[in-house]
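Fold and contact review
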Amino acid sequence: MSDDDVDHELLALLRQSLGLGPPDANAPPETKVLDHARYVYDNSIDVALDMRGTKGAAELIWNQMQKKEYNIKTWSEHELHPKAKDESTVNFIFTMDLLNFSFFSESAPGEGFAVEYKDKRWTGYWSLVAALQRALDEGIPFTSSSFWHDEEECTEEVYRKVFRSATEEEIPLLKQRIAVMQEAAEVLCRYFDGDVLNLLSKANHSAAGLVNLLAEYFPCFRDETRFEGKKVRFLKRAQIFVADLWAAFEGEGYGQFNDIDKITMFADYRIPQVLHTLGCMIYSPILERTVRRKELIASGHSWELQIRGCTIWCVELIRCEIVTKHPEAKVNAILIDFFLYDTMKELEAAGHDSIPHHRTRSIWY
Ligand SMILES: Nc1nc2c(c(CN[C@H]3C=C[C@H](O)[C@@H]3O)cn2[C@@H]2O[C@H](COP(=O)(O)O)[C@@H](O)[C@H]2O)c(=O)[nH]1
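Below you will find a few notes about this structure. Just so you know, these numbers come straight off a predicted model, no measurement behind them.

Criteria and thresholds
- The residue count restarts for each chain, going from 1 along the sequence in the order it is written.
- Totals for whole chains, interfaces and linings use every residue, but because this is a predicted model, local features are given only for residues with pLDDT of at least 70 and side-chain atom pairs only at 80 or more, for both listing and counting.
- Side-chain metrics in this entry use all non-hydrogen atoms of the structure; hydrogen atoms and water are not considered.
- Throughout, an axis means a line fitted to C-alpha atoms (over the contacting stretch in the case of helices), and angles, computed between N-to-C directions, take values from 0 to 180 degrees.
- Secondary structure elements follow DSSP: runs of H or I of four or more residues count as helices, runs of E of two or more count as strands, with numbering from the N terminus.
- Small angles under 35 degrees read as roughly parallel and large ones over 145 as roughly antiparallel, with 65 to 115 read as roughly perpendicular and the rest as oblique.
- Here a crossing is taken to be left-handed if its near helix is turned anticlockwise relative to the far helix by less than a right angle, and right-handed if that turn runs clockwise.
- The contact criterion used throughout is that any non-hydrogen atoms of two residues lie within 4.5 Å.
- Whether two strands pair depends on DSSP finding at least two bridges between them.
- For salt bridges, the criterion is a side-chain nitrogen of Lys or Arg within 4 Å of an Asp or Glu carboxyl oxygen.
- Buried means the residue's accessible area, taken with a 1.4 Å probe over protein chains only, is under 20% of the maximum for its type, while exposed means over 50%, and partly exposed covers the values in between.
- This count recognises Lys and Arg as positive and Asp and Glu as negative, with His and chain-terminal groups excluded.
- For this analysis, a ring pair means two rings from Phe, Tyr or Trp (six-membered ring only for Trp) whose centres lie within 6.5 Å, classed as stacked if their planes differ by under 30 degrees, edge-to-face if by over 60, and tilted for the remaining angles.
- Near is defined per residue: the residue qualifies when any heavy atom it owns lies within 4 Å of the molecule or strand.
- Throughout this description, a polar contact denotes any pair of N or O atoms lying within 3.5 Å of each other; where both atoms belong to protein, one of them has to be capable of donating a hydrogen while the other can accept it, and for residues adjacent in sequence the pair is counted only when both atoms sit in side chains.
- Note on areas: Shrake-Rupley with a 1.4 Å probe; residue coverage comes only from the protein chains shown.
- Note that Gly is not counted as nonpolar here; it falls among the polar residues with everything else outside the nonpolar set of Ala, Val, Leu, Ile, Met, Phe, Trp, Tyr, Cys and Pro and the charged set of Asp, Glu, Lys and Arg.
- Working rule for helices: expected span equals 1.5 Å times residues minus one.

**What to know about the packing of helix 11 (residues 207-217) against helix 12 (residues 236-248)**
- Following both chains from N to C, one finds helix 11 and helix 12 inclined at 140°, their axes separated by 9 Å at the closest point. For the element pair helix 11 / helix 12, the angle class is oblique. Judged by the twist between their axes, the crossing of helix 11 over helix 12 is right-handed. The residues of helix 12 that touch helix 11, namely those facing Ala207, Leu210, Val211 and Leu214, are Ala238, Gln239, Phe241, Val242 and Leu245.

Here you go:
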């Protein structure tokens, strides 16, 4: 009997003893990510949060967000992000967040995977966005799932052309990226008539519902594992897909969600780095040494899960601190997360990244 069965079993017994009926099938959907992050935080010994640092960071983040007028519109202002408020942008974001993982390179600076587009070399997350925009400019319908589903048309050569590098290094995990797209095309075709819009309408404007649908139907979005004997869900790419939709459509149309504040920050490898830099998060000496030496940490290792879970919980504490001190603040975990990612990239560009990001290679983030 799995851990979850025991949970359901115990829950049923408890409800019965309390004279409660079965759980309400119409209860609003929950992702459980924040509960699981709290569980990881409460059981972490190699990662800790500094309350003074977190309070200080909250004030700094709030002031900077106000100063830079950082809001939901900022997403579309990024030069590579799609601007059209229509289905093409839904398909773009779905394709992008299927592949939004693991861009870091171990090559020397300037020799890692990079995409040449609009007379610039793009790396990291932006290399993915640039590759997709370049493919569309070159007449390759790479954001259409019906194209990926036709493996005669969307051959390995097409993938290699779309992700061709401006350096000798190819995009990390190319084979896994192809497998993820073929899996997603098959799932969309089998359950959603090949159309991402059907996935959205099934979620009926619930952010948590859409996250749960992605985790239920698409194994490549099912970012969950076990920590200290309990199943924990981080669902990073499922959540950032919902968040990117919400931001791109400015909370309207395909981006309209009635429970968007249920989305947590996205447990990637950049936000832990900036939270450590801001003095919010602390690593044990041996973990800090591993991170500073840029040594690989296996996907699913306790250290990795502690970093991811504590990061989610830390951003929640920052969010709570901001809205408590500034009740008028229109911020949620998404905007704080987006802001922290962009800030980390600015710090990195200025050479102020005081600690490297952790190195875990996976399709989850
Ligand atoms: N938590 C979080 N993780 C994010 C992003 C983004 C980009 N979001 C854009 C949309 C709105 C924002 O304003 C950003 O402009 C990428 N990533 C993750 O980082 C890693 C890539 O890092 P690097 O190799 O250095 O580019 C990889 O795991 C990728 O999945 C974010 O926002 N939040």
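**Quick notes on the pairing of strand 5 (residues 230-233)**
- Examined bridge by bridge, strand 4 (residues 224-227) and strand 5 share four bridges and lie antiparallel to one another. Paired with Glu224 across the strands is Arg233, a residue of strand 5.
- Linking strand 4 back to strand 5 in an antiparallel pair, the connection comprises two residues, with Glu228 at a positive phi of about 50°.

**As for the packing of helix 15 (residues 302-325) against helix 16 (residues 333-349)**
- At a closest axis distance of 10 Å, the pairing of helix 15 and helix 16 adopts a crossing angle of 115°. As the angle between them shows, helix 15 and helix 16 are arranged roughly perpendicular. Helix-helix and strand crossings are classified by hand; for helix 15 and helix 16 the assignment is right-handed. For the pair formed by helix 15 and helix 16, the contact residues are Val315, Ile318, Arg319 and Ile322 on the first element and Ala333, Ile336 and Leu340 on the second.

**Focus on the pattern of salt bridges**
- Applying the stated criterion to the full structure yields 23 salt bridges.
- The shortest N-O distance in the salt bridge between Glu346 and Lys68 comes to 3.1 Å. Here Glu346, found in helix 16, pairs with Lys68, found in the loop between helix 3 (51-67) and helix 4 (74-77); they are 278 residues apart in sequence, far enough to count as distant.
- The exposure class assigned to Lys68 is partly exposed, which follows from its relative accessible area of 40%.
- Of the charged contacts, one joins Lys345 and Glu348 as a salt bridge, the two residues approaching to 2.9 Å between their closest N and O atoms. A residue pair is termed a helical-turn pair when its members lie 3 or 4 positions apart in one helix, as Lys345 and Glu348 do in helix 16 at three residues.
- Here Glu348 falls in the partly exposed class, since its relative accessible area comes to 29%.
- Three or more residues joined by partner-sharing salt bridges are found here, namely Glu156, Arg160, Glu170 and Lys175.

**Quick word on the side chain of Asp244**
- With respect to the secondary-structure elements, Asp244 resides in helix 12.
- Among buried Asp, Glu, Lys and Arg side chains, Asp244 stands out as unpaired, with Lys236 the closest opposite charge at 7.7 Å.
- Contact partners of Asp244, with chain neighbours within four places excluded, come to Trp75, Ile93, Met96, Asp97 and Phe338.

**Regarding the packing of aromatic side chains**
- Per the counting criterion, the structure on display carries 19 aromatic pairs.
- With 6.2 Å between their ring centres and 85° between their planes, Tyr39 and Phe227 make a pair best called edge-to-face. Taken as a pair, Tyr39 in helix 2 (residues 33-42) and Phe227 in strand 4 lie far apart in primary sequence, 188 residues in all.
- According to the relative accessible area criterion, Tyr39 is partly exposed, its value standing at 21%.
- For the pair Tyr125 and Tyr341, a centre-to-centre distance of 6.3 Å together with 75° between the ring planes defines the contact as edge-to-face.

**Regarding the site of the ligand**
- Residues in contact with the ligand amount to 22 residues; listed here are only the nearest, Asn100, Lys236, Arg270, Asp337 and Lys345.
- Tyr70 has a polar side-chain atom sitting 3.1 Å from an oxygen atom of the ligand.
- A distance of 2.9 Å is found between a nitrogen atom of the ligand and a backbone nitrogen or oxygen belonging to Phe266.
- Relative to its unbound accessible area of 660 Å², the ligand is 99% covered by the protein chains.
- Listed by contribution, the elements that provide at least two residues to the shell around the ligand are helix 6 (124-137), helix 12 and helix 16.
- Considering every element that reaches the shell around the ligand, the biggest residue donor is helix 16, with five residues.
- Classifying every residue of the shell around the ligand gives 12 nonpolar, four polar and six charged.

**A look at unusual backbone geometry**
- Here Glu228, not a glycine, exhibits a phi torsion of approximately 50°, which is positive.
- Of note, Glu228 is situated in the loop between strand 4 and strand 5.

**With respect to helix 15**
- Over its 24 residues, helix 15 extends 34 Å from the first C-alpha to the last, a length consistent with the 34 Å expected when each residue adds 1.5 Å.
- Of all 24 residues in helix 15, 17 are buried, a share of seventy percent or more.

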